[in-house]
There are 2 protein chains.
Amino acid sequence: MQKTLKELKLRLSEIKDLEAAAAVLGWDLATYMPPGGAPARGRQIALLSRLGHERLTDPEIGRLLEKLEPESDKLPYDDDDAALIRVARRDFEKAVKVPPEFVAEFNAHSAAAYQVWTTARPANDFQAVEANLEKTLEYSRRLAEFFPGYDHIADPLIDFADQGTTVETLRPLFSELRTALVPLVQSISEQAPVDDSCLKAHFPESEQRAFGKRIIERFGYDFERGREDKTHHPFMTSFSIGDVRITTRVKENDLTEALFSTLHEAGHGMYEQGINPEYEGLPIADGASSGVHESQSRLWENFVGRSRGFWTFFYPQLQEVFSEQLSEISLDTFYRAINKVERSLIRTDADEVTYNLHVMLRFDFELDLLEGRLAVKDLPAAWNARYKEDLGVEPPDDKDGVLQDVHWYAGVIGGSFQGYTLGNVLCGQFFEAALQAHPEIPDEIAKGTYETLHGWMKENIYHHGRKFTPAELVERATGIAINVEPYLRYLQTKFSDLYTL
Amino acid sequence: MQKTLKELKLRLSEIKDLEAAAAVLGWDLATYMPPGGAPARGRQIALLSRLGHERLTDPEIGRLLEKLEPESDKLPYDDDDAALIRVARRDFEKAVKVPPEFVAEFNAHSAAAYQVWTTARPANDFQAVEANLEKTLEYSRRLAEFFPGYDHIADPLIDFADQGTTVETLRPLFSELRTALVPLVQSISEQAPVDDSCLKAHFPESEQRAFGKRIIERFGYDFERGREDKTHHPFMTSFSIGDVRITTRVKENDLTEALFSTLHEAGHGMYEQGINPEYEGLPIADGASSGVHESQSRLWENFVGRSRGFWTFFYPQLQEVFSEQLSEISLDTFYRAINKVERSLIRTDADEVTYNLHVMLRFDFELDLLEGRLAVKDLPAAWNARYKEDLGVEPPDDKDGVLQDVHWYAGVIGGSFQGYTLGNVLCGQFFEAALQAHPEIPDEIAKGTYETLHGWMKENIYHHGRKFTPAELVERATGIAINVEPYLRYLQTKFSDLYTL
């Protein structure tokens, strides 16, 4: 078995390294590449992705797995090699079921559709993207159909990002959440709006970035194994467990932009930096799912970074850095400002209470489109109506409406959004479990120390990489299956303190 | 023919893109990579290099070439496709003659030897590298032997970097040069040393870098298709004709370090940026040889950047930026300081007059080692004796002696150094030819405009990439074969003005 396993690991490690090389080229493209580099860079990234895919679908991988599985089945379930073989089998099956010609065609379409979207959005021109979106929908359906046996056509697409999650499991979860959130938002909206003007002064870029880096270093983000650079759309990217980078975007007239996006991306980054170093170079060295990954970005951004305790420690330091702008602003005013709840149009700017309403309506539209209950041409009107219904606001145009998110215009329709809300829900569970194990965590946060919280996450989540399925990981870490109650308890407690509920 | 040619171009472009991807990873490693990224990065670069090599040695390349050559032989010699097929044939033959196991073994040895050298040099420990160097010599000989039919064992190694150049052609060239240089250096050394203390004040890093970038932008280095970043050992690297980057290193107590290295690397960069855009992605989109490449770095660094005319325009600007340090220093004092001739120990710090003596003694040692006339263990003593003989100085230790250059400790013995001197010699020819065609160039330089000089280089050198052999390129551009006289005339004229000769 050892020789065959070694051969498999070598092949898997080459696939991972090709993906990592493509990721380096993508990071450079988004940070430092001069404009003239674009045409060749697209070609180079596409080549590396294709070579990785070719190697993953090599029938020899299947043969090695077949030889190994009878042996690995005898190993304990939580044996690392057994887990690696399970993960490799999953990736192999996902990859071989989709013909390479389809992958190439869909990728080419996505690249072209993305280009159209980049100009259509500022031009507020839904018509320009309509035909591409119809094609994307068609490709998305065909992609799902390569995985027959599903209950709902969205299930295979959801499974790519959130293994084991289905429409059937999501519907009751989301329904429970929506039932609780809509009246909560309603009740808050009836109250006097919070004044957040203190966040809109002029805050110089370099001080903003330095402050964000100071915070995440205390969180435990390791700059010896990471970096922070500027980009247009912040992201986290990993080239190995020893090189996990984040990027940020700064608005000098909005203190929240760089700050919370840095905390968010650092959450993703600490996850990847915390994976068991023995998994280096193997497909198991990755996040468990989009939902589990998002639970960590939201944890450090919101549960920690927008908490009163956190700012008890950091606000005096922030006031020192921006004394002119903040010396007259009380901690309470600042805390209320960064937690202002507002029914708004843009998902990425949404507060903690309204955020999931933005996500869930997108999820519903994905199902409607895939099921053929909604035509692409009717999407803008449906979008606006649903915003009115759920959030009480109506987009004045498509630019800040249906055109706002890149996902459908550069990828798949189906499976693109549920992870954001799953992340919030899981974050509620993980945070509650960590606090149950270590009731001292809130006191530590108020003292600017995060070892216990970070340590719990590392031990229970980060370390395992993809060793367990998301559902297994959640149960092992929290003792229960996915459940919205901890998250709702968190929101209720936090926002009862901020608003009259 | 068109279909076969298209197939060949596709394959060649994938090889080039794999090399470019490896170069991006190498650039990142040398500029921004956090320390934790090192282990995976080595693995990833090695993988991309191996995949490129595998594709280049694919017998299908040979079959395509065989099908194309009868057709391309009928094309005019200067037809682009004919040239591409010649270049591809050359690269293919070079690659297939060396067994992949040998390449892997030699690369692994070089990587290990380089690691040892990085600590052995500061520790002044030649013994630590001795065994590796003997192995390197053995590998270098074996590498040469894969190309039988040579006159001198160094010829195949020289041919890798400087196509068509042999020991037989280099010996008289270098002998003529040495015969002229040794008495020139001797005569200058007998005169009072120039005071260059004005260059050793404190010059803040950001102003130094900004000034260097201002100059090279005027030269014609295109920042829309390039960047300048900081590194430990400056280099130029190209990922496509649209993305050609340089790096620099700054010493705040030495104005010359960043300035002239920026000009030098920009010369290499303008060469790559100036290649015919139609060659993009093909192996013909590269410099003609190491010597021709170096002619361009030396042109912009020395022939332009250390000329009196150049500083007539730029010195007042430099004085403005560093007014505290330079306002009392005359142009003449500054000009003498940056052209100070000094018999010194370190090649990379050497002035224009002594530089080639450093290079030629290394070249001679490569031949001595390859021929077995000198044993590795005797190299340090031989090195010190030859420095005494040629430069009148004796290294106090190996750190600043035989251990100073990375080349032998991370690569091949043979073919590593001749390009530096060929570059100077060719620069003399190219510059003289450009001035003959455009006598207004010196006046333009004194006015801070470089379009004519840059235009001549672009038209006669850069544009062609590897279309012509180095010898063909030199003859086409200058009307004569390689010849040291223009370079010696340049040195005589310039240094007669600076010293009593």
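The structure under discussion appears in the preceding block.
Participant: Sorry if this is basic, but what is going on with the overall build of chain A here?
Facilitator: Broken down by element type, chain A carries 22 helices and 3 strands. Taking 501 residues into account, the globule formula puts the C-alpha radius of gyration at 23 Å, and chain A, at 23 Å, falls close to it. Overall size of chain A, expressed as C-alpha extent along the three principal axes, is 70 × 50 × 50 Å. Counting the 501 residues in chain A, one finds 57% classified as buried. Accessible surface, chain A: about 20,000 Å² in total, of which carbon and sulfur atoms supply 51%. Separation between the mean location of the 54 positive side-chain charges and that of the 82 negative ones in chain A comes to 3 Å.

Participant: How do you make sense of the packing of helix 2 (residues 38-56) of chain A against helix 1 (residues 2-31) of chain B when you look at a structure like this?
Facilitator: How two helices pack is summed up by the angle between their axes together with the distance between the axes. Close contact between helix 2 of chain A and helix 1 of chain B brings their axes to 10 Å; oriented N to C, the two are set at 100°. Regarding the angle of helix 2 of chain A to helix 1 of chain B, the classification is roughly perpendicular. Across from A:R41, A:R43, A:Q44, A:L47, A:L48, A:R50 and A:L51 in helix 2 of chain A, the residues of helix 1 of chain B making contact are B:S13, B:E14, B:D17, B:L18, B:A20, B:A21 and B:V24. Tallied by class, the residues present in the contact of helix 2 of chain A with helix 1 of chain B amount to 7 nonpolar, 2 polar and 5 charged.

Participant: What should I look at first to understand the interface of chain B and chain A in this one?
Facilitator: Contact with chain B, which involves 37 residues of that partner, is made by 37 residues of chain A. Note on chain B versus chain A: buried area summed over both sides is about 2,800 Å², and carbon and sulfur give 56% of it. If you look at where chain B meets chain A, you find 10 salt bridges. Between B:R50 and A:E14 there is a salt bridge, with the nearest N and O atoms lying 3.0 Å from each other. The tally of links between chain B and chain A comes to 18 residue pairs in polar contact (both at pLDDT 80 or more). In terms of residues, the side of chain B that touches chain A owes the most to one element, helix 1 of chain B, which gives 10 residues.

Participant: Sorry, what's going on with unusual backbone geometry here?
Facilitator: Where the residue is not glycine, phi is negative for most of them; where a peptide bond is considered, it is trans in most cases. The backbone of A:N124 sits at a positive phi, close to 60°, despite the residue not being glycine. Since its relative accessible area comes to 31%, A:N124 is described here as partly exposed.

Participant: Would you mind going over helix 12 (residues 308-321) of chain A with me for this structure?
Facilitator: In an α-helix, one turn spans 3.6 residues; hence positions three or four apart end up facing the same way. All names here are of chain A. For helix 12, which comprises 14 residues, the first-to-last C-alpha distance of 19 Å matches the rise-based estimate of 20 Å (1.5 Å per residue) to within 8%. Most pronounced at F314, the bend in helix 12 amounts to some 45°, and the proline P316 follows within four residues. Every buried residue of helix 12 is accounted for by F310, W311, F314, Y315 and L318. Buried residues in helix 12 make contact with helix 9 (205-219), helix 10 (255-273), helix 11 (290-304), helix 13 (323-326), helix 14 (331-338) and helix 19 (441-446).

Participant: Help me understand the sheet that holds strand 3 (residues 243-248) of chain A in this model?
Facilitator: Picture the strands of a sheet paired through backbone hydrogen bonds; they go either parallel or antiparallel. Within the open sheet, the 3 strands sit side by side as 1-3-2 (chain A). Their pairing is mixed. Of all the strands in the sheet, just strand 1 (228-230) and strand 2 (236-240) of chain A have a single pairing partner and so form its edges. Strand-to-strand twist in this sheet, taken as the mean axis angle between neighbours without regard to direction, amounts to 30°. The sheet contact formed by strand 1 of chain A and strand 3 of chain A spans 3 bridges and is parallel. Counted as the bridge partner of A:E228 is A:I246 from strand 3 of chain A. The strands that helix 2 (residues 38-56) of chain B touches are strand 2 and strand 3 of chain A; relative to strand 2 of chain A, the one it contacts most, it runs at about 75°.

Participant: Looking at this structure, I do not really get the pattern of salt bridges. What am I missing?
Facilitator: Two side chains of opposite charge can pair, provided their charged atoms sit close to one another. Taken as a whole and assessed by the stated rule, the structure comprises 97 salt bridges over all chains. With a closest N to O distance of 2.8 Å, A:E432 and A:R489 form a salt bridge. Of this pair, A:E432 sits in helix 18 (residues 418-437) while A:R489 sits in helix 22 (residues 485-498), placing them 57 residues apart in sequence. Where B:D81 meets B:K9, a salt bridge forms, and the shortest distance between an N and an O atom there is 3.3 Å. Remark: B:K9 occurs in helix 1 and B:D81 occurs in helix 4 (residues 80-96); sequence separation between them is 72 residues.

Participant: I tried to follow the relation of the copies chain B and chain A on my own but got confused; where do I start?
Facilitator: One copy of the chain maps onto the other through a rotation about an axis plus a displacement along that axis. Under the fitted operation, chain B is carried onto chain A by 0.0 Å of movement along the axis and a turn of 180°, and the coordinates agree to an RMSD of 0.0 Å. In symmetry terms, the pair is related by a two-fold rotation axis. The share of interface residues of chain B whose copies in chain A are also at the interface is 100%, consistent with both copies meeting through the same surface.

Participant: Before we go on, may I ask you to explain the packing of aromatic side chains in this structure?
Facilitator: Aromatic ring pairs are defined here through the distance separating the ring centres and the angle between the ring planes. All names here are of chain A. In total, this model carries 67 aromatic pairs over all chains according to the counting rule given. Ring centres of F174 and F363 lie 5.1 Å apart, and the angle between their planes is 75°; on these two criteria the pair is classed as edge-to-face. Placement of F174 in helix 8 (residues 167-189) and of F363 in helix 15 (residues 355-371) is noted, with a sequence separation of 189 residues between them. Residue F174 is classed as buried on the basis of its relative accessible area of 5%. On the basis of relative accessibility, which here comes to 2%, the residue F363 falls in the buried class. With a centroid separation of 4.9 Å and an interplanar angle of 80°, the aromatic rings of F219 and Y450 are classed as edge-to-face. Residue F219 is found in helix 9, and its partner Y450 is found in the loop between helix 19 and helix 20 (451-460); the two are separated by 231 residues along the sequence. Considered together, F219 and Y450 belong to a single accessibility category, that of buried residues. Members of the aromatic cluster, each reached through a chain of ring pairs, are F211, F219, W300, F310, W311, F313, F314, Y315, F334 and Y450.

Participant: Any chance you could explain the environment of A:E472 here in plain terms?
Facilitator: When you line up the elements, A:E472 lands in helix 21 (residues 470-478). For the pair A:E472 and A:C427, spaced 45 residues apart in the sequence, the C-alpha separation amounts to 15 Å.

What counts and how
Residues numbered from 1 in each chain as written. Chains lettered and ligands numbered in written order. Predicted model: local features only at pLDDT ≥ 70, side-chain atom pairs only at ≥ 80, totals over all residues. Heavy atoms only, no water. Helix = DSSP H or I, 4+ residues; strand = E, 2+ residues; numbered from the N terminus. Rg over C-alpha atoms; globule rule 2.2 N^0.38 Å. Buried < 20%, exposed > 50% of the residue type's maximum accessible area, 1.4 Å probe, protein only. Areas by Shrake-Rupley, 256 points an atom, 1.4 Å probe, with all protein chains shown as cover. Lys, Arg positive; Asp, Glu negative; His and termini not counted. Charge placed at Lys NZ, Arg CZ, Asp CG, Glu CD. Axes fitted to C-alpha atoms, helices over the stretch in contact; angles between N-to-C directions. Parallel < 35°, antiparallel > 145°, perpendicular 65-115°, else oblique. Contact = heavy atoms within 4.5 Å. Nonpolar A, V, L, I, M, F, W, Y, C, P; charged D, E, K, R; others polar. Buried area = accessible area lost by both parts, 1.4 Å probe. Salt bridge = Lys/Arg side-chain N within 4 Å of Asp/Glu carboxyl O. Polar contact = N/O pair within 3.5 Å; in protein donor to acceptor, adjacent residues only side chain to side chain. Expected span 1.5 Å × (residues − 1). Bend = angle between axes of the 7 residues up to and from the residue. Pairing = 2+ DSSP bridges. Least-squares fit on C-alpha atoms with pLDDT ≥ 70 in both. Phe/Tyr/Trp six-rings, centres within 6.5 Å; stacked < 30°, edge-to-face > 60°.

Purely geometric stuff here, so don't read any function into it on its own.
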